[in-house]
Amino acid sequence: QVQLAESGGGLVQPGGSLRLSCAASGSIFSISAMGWYRQAPGKQRELVATITSGGITNYADSVKGRFTISRDNAKNTVYLQMNSLKPEDTAVYYCNADIRLASNPFQSKNYWGQGTQVTVSS
């Protein structure tokens, strides 16, 4: 019922920018925290950034000052503005969200998107 759909990935040169979007759809009652994680080949999935429903943000040290997470609660969408991209940012980026369904608004469940590829290369 609930789906997280990422978009905005692609190929970009070092120093370039990309803006990722993740829209949650379904019979949603509310969304608390939303975030972005990434996984490079041969590495564990790691946190990139998170944002609460109140706008409190948290970033991995490796992306601080370069990435900005934001959300549009009316659209159930979270964004990741990625600037000054580096080759080491290359990974599959996954959207994550804690969601309460309209059918069960008293319990929050965690959901993952399918991932979108970001490749930083000349």
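Just above, that's the structure.
1. Considerations on the overall build of the chain
No. 1: Secondary structure summary: the chain contains zero helices and eleven strands in total.
No. 2: Helices and strands appear in the chain in the N-to-C order β-β-β-β-β-β-β-β-β-β-β.
No. 3: For 122 residues, the compact-globule estimate of 2.2 N^0.38 gives 14 Å, and the C-alpha radius of gyration of the chain, at 14 Å, lies within 12% of that figure.
No. 4: In terms of overall dimensions, the chain has a C-alpha envelope of 50 × 25 × 25 Å along the principal axes.
No. 5: Looking at the chain as a whole, 41% of its 122 residues qualify as buried.
No. 6: Counting only contacts in the chain whose residues sit at least 6 apart along the sequence, the fraction spanning at least 24 positions is 55%.
No. 7: On the chain, roughly 6,400 Å² of surface is accessible, and the fraction owed to carbon and sulfur atoms is 47%.
No. 8: Across the chain, 11 positive and 7 negative side-chain charges occur, with their mean positions spaced 3 Å apart.

2. Let's talk about the nonpolar core
No. 1: In terms of nonpolar packing, the biggest core is built from 33 residues, with W36, L80, Y93 and I99 touching the most fellow members.
No. 2: Contributing elements (two or more residues each) for this core: β3 (18–25), β4 (28–39), β5 (46–51), β7 (67–72), β8 (77–82), β9 (91–101) and β11 (116–120).
No. 3: For this core, the element with the highest residue contribution is β9, accounting for six residues.
No. 4: Those residues in contact with I99 that lie beyond four places of it in its chain are V2, L4, A24, I28, S30, I31, Q107, S108, K109 and Y111.

3. Quick look at the environment of P14
No. 1: Position of P14 among the secondary structure elements: in the loop between β2 (10–12) and β3.
No. 2: Residue P14 is classed as partly exposed on the basis of its relative accessible area of 39%.
No. 3: In sequence terms P14 and G35 are 21 residues apart; their C-alpha atoms lie 24 Å from each other.
No. 4: Those residues in contact with P14, other than ones at most four positions away along the chain, are L85, P87, V120, S121 and S122.

Rules of the game
Residues numbered from 1 in each chain as written. Predicted model: local features only at pLDDT ≥ 70, side-chain atom pairs only at ≥ 80, totals over all residues. Heavy atoms only, no water. Helix = DSSP H or I, 4+ residues; strand = E, 2+ residues; numbered from the N terminus. Rg over C-alpha atoms; globule rule 2.2 N^0.38 Å. Buried < 20%, exposed > 50% of the residue type's maximum accessible area, 1.4 Å probe, protein only. Contact = heavy atoms within 4.5 Å. Areas by Shrake-Rupley, 256 points an atom, 1.4 Å probe, with all protein chains shown as cover. Lys, Arg positive; Asp, Glu negative; His and termini not counted. Charge placed at Lys NZ, Arg CZ, Asp CG, Glu CD. Core = buried A, V, L, I, M, F, W, Y, C linked by side-chain atoms within 4.5 Å.

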